[in-house]
Number of protein chains: 2
Amino acid sequence: MSDRRQHRYCVIMCGGIGSRFWPYSRTNVPKQFIDFFGTGSSLLQMTYERMLPLVDKERFIVITNAKYVERIKEQLPELDDSQILAEPDRRNTAPAIAWAAYHIRALDPEASMIVAPSDHLITREHIFEKCVERGFDFVETHDALLTLGITPTRPETGYGYIQIGQETEPGILKVKTFTEKPDRELAQVFLDSGEFFWNAGIFLWKAETIIGALRRYVPDIAAEFDRGGDVFGTTGETAYINSTFASCPSISIDFAVMEKASNVYVECVNFGWNDLGSWSSLYETSPKNIDGNVTQNSNVMAYGSSGNIFMAPSDKLVVVSGMHDCIVADAGDVLLICPKSEEQKIKQIVNDVELRFDGKYL
Amino acid sequence: MSDRRQHRYCVIMCGGIGSRFWPYSRTNVPKQFIDFFGTGSSLLQMTYERMLPLVDKERFIVITNAKYVERIKEQLPELDDSQILAEPDRRNTAPAIAWAAYHIRALDPEASMIVAPSDHLITREHIFEKCVERGFDFVETHDALLTLGITPTRPETGYGYIQIGQETEPGILKVKTFTEKPDRELAQVFLDSGEFFWNAGIFLWKAETIIGALRRYVPDIAAEFDRGGDVFGTTGETAYINSTFASCPSISIDFAVMEKASNVYVECVNFGWNDLGSWSSLYETSPKNIDGNVTQNSNVMAYGSSGNIFMAPSDKLVVVSGMHDCIVADAGDVLLICPKSEEQKIKQIVNDVELRFDGKYL
């Protein structure tokens, strides 16, 4: 066990912009860098601390966009600069994960790795630890790509689903299919069937295994990295990436590999997960008062109001009357009031704000 | 004319707390002290400047609560300290006006005076000037209590109405009755009849005339001031008031005198008046965009939203979607969101805030 631990790496994906959480999540300070719950830790710091019992700190890799490097150094000062991989361009998750895998394999050909988003909430960390331990054990002993599948608790239409197949060992099953975001009716069928789990975007595999899969299913991406030869893990790596990364197609790891490969497994887990992907997903999983209102870190007086989610600076008083099923998000310089059912409009709003205010408020 | 001007005084009533305009109007900074329209002048300063062509600045009197004296000195530095009458207690308008009348009569037994609230908006100042000139001329030549009656433009239920009687001279008529705030149906009848005007709370009379009326209709109040003898206009006035003012009953000048006296006249005027008494009265009289939204001094992006009034700090971006007929008032440390139809709840909300936060946010 202690021997295996020396080969375990943690890749924290930290390049997202979280635009669906505007105005709290901003281009310059996306949600992973925010103390979202007023606990004193940003979501990135919470992710780091959650993984620390599982992976030694010198084997963390944070992959991000170049513009966020300084902020990561501030928030995780215990990391060495070499542990931050700065993407020169946004290319979705497949190229980012490919780079991390080539980098890690160069450091340790026997390495296994967990890939974890930096902006999710996990509440039952003790269960999380056990799940990840079991996942590492599995991928270290199988030629397997493992994804964590969250036991669904509602007919969520905002997530992808994983359909389970044959059980391989307790709690770990072959994946039958990946499914895109379903409509409400289908989501209910998925929930009732007990055969479908949420795709959390948390993966475990050996570096060698994912590189093999990339070569097979997205050879154009793998080729960009294979051309680098022995450059990974050396001082030439940054310059090499800066010259080639933009050539990679922008594609997600799910679409590039997971939906195509035959050695994909799911570990079915239940550790209190929220992707904080949208205001209403935060609403759904937060504790509610008797009127069904959720209050994040603020003073709210709600009269004849129900089903709302409120977020405001902690010293601000928010008073509402006769308001139902809305998002009220006061981020200091921006106030957003929007029905939860219209939250998909937020992306369009962010575009409009960009056009109208030339970068201000983003 | 120039001779008469030397006897004309302006009394600005500046002691209100404007609680219906919370959270913009605060106990410590009521709405008359706020630059409400982002013009660089507070409502008090606008009132002063509006009257300055009509009354010489040394004949202004500002009557207020003791706690606002310093703020008035800041906002109207051209006034002498002796021009500010500081009430030691709140006693509604009749005792305040009585004090001002006794004070002014001591300075000039022939004085006429206009009494004007400090927190109203008047847009057509040129017409206002002509109306006030005519009103002064009338009360200086008649034993008359004159009130300005605003030509109504909508069936407003928030105002008192004045029913007109016989015309005495062009534009000035005997008052038949004063009417309390009507319900919606009655307000429509008033509007359609052409016989009813809004009671704006702007009065003109000779000091001697109002003192006579006070003695007749509220002798208990008049007695408190008559006991002062020659103290008014002397250095002993403040001490005298501090020892007796609290003994006055709290009563409005309308109820104390205007509704009872027989020599009450109304000048029917139309100079773009708004009492800024409530958010929806401000909404009603403000310019609206194509969706019927009113925006005060802020950046608003409204999607599928209509009939709202928005007020926020000028550098704040407010984004709303699917919101109708609401008040959205962001006053920095307090955000209020409330349907316009429920604005009468604001007084209750302010009480609740006081109980819960012990003076903060008021």
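Scroll up to find the structure this text is about.
This report concerns the structure included in the present document. (Residues numbered from 1 in each chain as written. Chains lettered and ligands numbered in written order. Predicted model: local features only at pLDDT ≥ 70, side-chain atom pairs only at ≥ 80, totals over all residues. Heavy atoms only, no water.)

## Observations concerning the overall build of chain A
Definition in use: Helical segments are the DSSP runs of H or I of at least four residues, strand segments are the runs of E of at least two, and each set is numbered from the N terminus. Radius of gyration here is computed from C-alpha atoms only, and the compact-globule reference equals 2.2 Å multiplied by the residue count raised to the power 0.38. For every residue, the accessible area obtained with a 1.4 Å probe (protein chains only) is divided by the maximum for its type, and the residue is called buried under 20%, exposed over 50%, and partly exposed between those limits. Should any heavy atoms of two residues lie within 4.5 Å, those residues are considered in contact. For the area figures, the Shrake-Rupley method with a 1.4 Å probe applies, and any residue is considered shielded solely by the protein chains shown. Here Asp and Glu are counted as negative and Lys and Arg as positive; His is not counted, and neither are the chain ends. Every charge is mapped to an atom, namely NZ of Lys, CZ of Arg, CG of Asp or CD of Glu.
For chain A, the count of helices and strands is 12 helices and 17 strands. The C-alpha atoms of chain A give a radius of gyration of 21 Å, which matches the 21 Å a tight globule of 362 residues would have. For chain A, the C-alpha atoms occupy an extent of roughly 65 × 45 × 35 Å along the three principal directions. The 362 residues of chain A split such that 58% are buried. Taking all contacts inside chain A whose residues are at least 6 apart in sequence as the whole, residues at least 24 apart take part in 66%. Of the accessible surface of chain A, which amounts to about 14,500 Å², a share of 48% is contributed by carbon and sulfur atoms. Chain A carries 35 positive and 50 negative side-chain charges, and their two centres are separated by 2 Å.

## So, the relation of the copies chain A and chain B
Quick reminder of the rule: Only residues with pLDDT of at least 70 in both copies contribute their C-alpha atoms to the least-squares superposition of the copies.
The operation relating chain A to chain B is a screw motion whose rotation component is 180°, with 0.1 Å of axial translation and a residual RMSD of 0.0 Å. When the rotation and shift are considered jointly, the pair of chain copies conforms to a two-fold rotation axis. Taking the C-alpha atom as reference, chain A places Gly332(A) closest to the rotation axis, 4.2 Å from it. Mapped onto chain B, 100% of the interface residues of chain A are again interface residues, and the two copies thus contact each other with one and the same surface.

## Points about the nonpolar core
Short version of the rule: Residues enter a nonpolar core if they are buried and are Ala, Val, Leu, Ile, Met, Phe, Trp, Tyr or Cys, with the set joined through side-chain atoms within 4.5 Å.
Among the nonpolar cores identified, the biggest contains 52 residues, and Met113(A), Trp205(A), Phe225(A) and Val257(A) are the most heavily contacted of them. Here this core gets 9 residues from one element, more than from any other, and that element is helix α4 (residues 93–107) of chain A. In this structure, Met113(A) is in contact with Tyr9(A), Val11(A), Ile97(A), Ala100(A), Ala101(A), Ile104(A), Phe136(A), Phe203(A), Leu204(A), Trp205(A) and Ala207(A), ignoring residues within four places of it in sequence. Grouped together as the second largest cluster of nonpolar side chains are 51 residues, Ala96(B), Phe178(B), Ile211(B) and Ile221(B) included.

## Looking at the environment of Lys340(B)
Residue and element names in this part refer to chain B. Among the secondary structure elements, lysine 340 is positioned in the loop between β17 (334–339) and α12 (346–357). Along the chain, lysine 340 and tryptophan 279 lie 61 residues apart, while their C-alpha atoms are 7.3 Å from each other. Sequence-distant contacts of lysine 340, that is, excluding residues within four places in its chain, are made with Ser280, Tyr283, Gly307, Ile309, Asp325, Cys326 and Ile327.

## Some points on the sheet that holds strand β16 (residues 326–330) of chain A
This is how it is decided: Paired strands, as defined in this entry, are two strands with at least two bridges between them according to DSSP. Axis definition: a line fitted to C-alpha atoms, over the contacting stretch in the case of helices. Angles run 0 to 180 degrees between N-to-C directions.
Taken in spatial order, the 6 strands line up as β12(A)-β14(A)-β16(A)-β17(A)-β15(B)-β13(B) in an open sheet, and their pairing is mixed. Each having just a single partner strand, β12 (294–296) of chain A together with β13 (299–303) of chain B make up the two edges of the open sheet. In this sheet, adjacent strand axes meet at a mean angle of 5° when their direction is disregarded. With 3 bridges joining them, strand β14 (residues 309–311) of chain A and β16(A) adopt parallel strand pairing. The residue of β16(A) that forms the bridge with Met311(A) is Ala329(A).

## Structural notes on the interface of chain A and chain B
The condition is simple: The buried area of a pairing is the accessible area, by a 1.4 Å probe, that goes missing from both parts when the two are put together, added over both. For this analysis, a salt bridge means a side-chain nitrogen from Lys or Arg found within 4 Å of a carboxyl oxygen belonging to Asp or Glu. For this scheme, ten residues count as nonpolar: Ala, Val, Leu, Ile, Met, Phe, Trp, Tyr, Cys and Pro. Four count as charged, namely Asp, Glu, Lys and Arg, and the remainder, Gly too, count as polar.
On the chain B side, the residues contacting the 33 residues of chain A number 33 residues. For the pairing of chain A and chain B, the buried interface totals around 2,700 Å² over both sides, and the portion due to carbon and sulfur atoms is 59%. Summed over the three residues of chain A that lose the most area to chain B, namely Leu317(A), Leu335(A) and Ile337(A), the buried surface amounts to 23% of that side. Counting every contact that joins chain A to chain B gives 2 salt bridges. One salt bridge in this structure joins Asp330(A) and Lys316(B), with 2.8 Å as the shortest N-O distance. When contributions to the side of chain A that touches chain B are tallied by element, the ones reaching two or more residues are β13 (299–303), β15 (317–321), β16, β17 (334–339) and α12 (346–357) of chain A. Considering each element in turn, the side of chain A that touches chain B owes the most residues, 6 residues, to β17(A). For the side of chain A that touches chain B, a count of residues per class yields 20 nonpolar, 4 polar and 9 charged. Where β15(A) and β17(B) come together, 4 bridges link them in parallel fashion.

## Quick word on unusual backbone geometry
With the exception of glycine, the majority of residues adopt a negative phi angle, and the majority of peptide bonds are in the trans configuration. At the junction of Trp22(A) and Pro23(A), the peptide bond is cis and its omega measures out at 5° in the coordinates. Within the secondary structure, Pro23(A) is located in the loop between β1 (8–13) and α2 (43–51). If you check the backbone angles, Tyr361(A) has positive phi at about 75° while not being a glycine. Relative to the helices and strands, Tyr361(A) is located in the segment after α12. The buried category is assigned to Tyr361(A), whose relative accessible area is 4%. Of note, the phi angle at Asn92(B) is positive, near 65°, even though the residue is not glycine.

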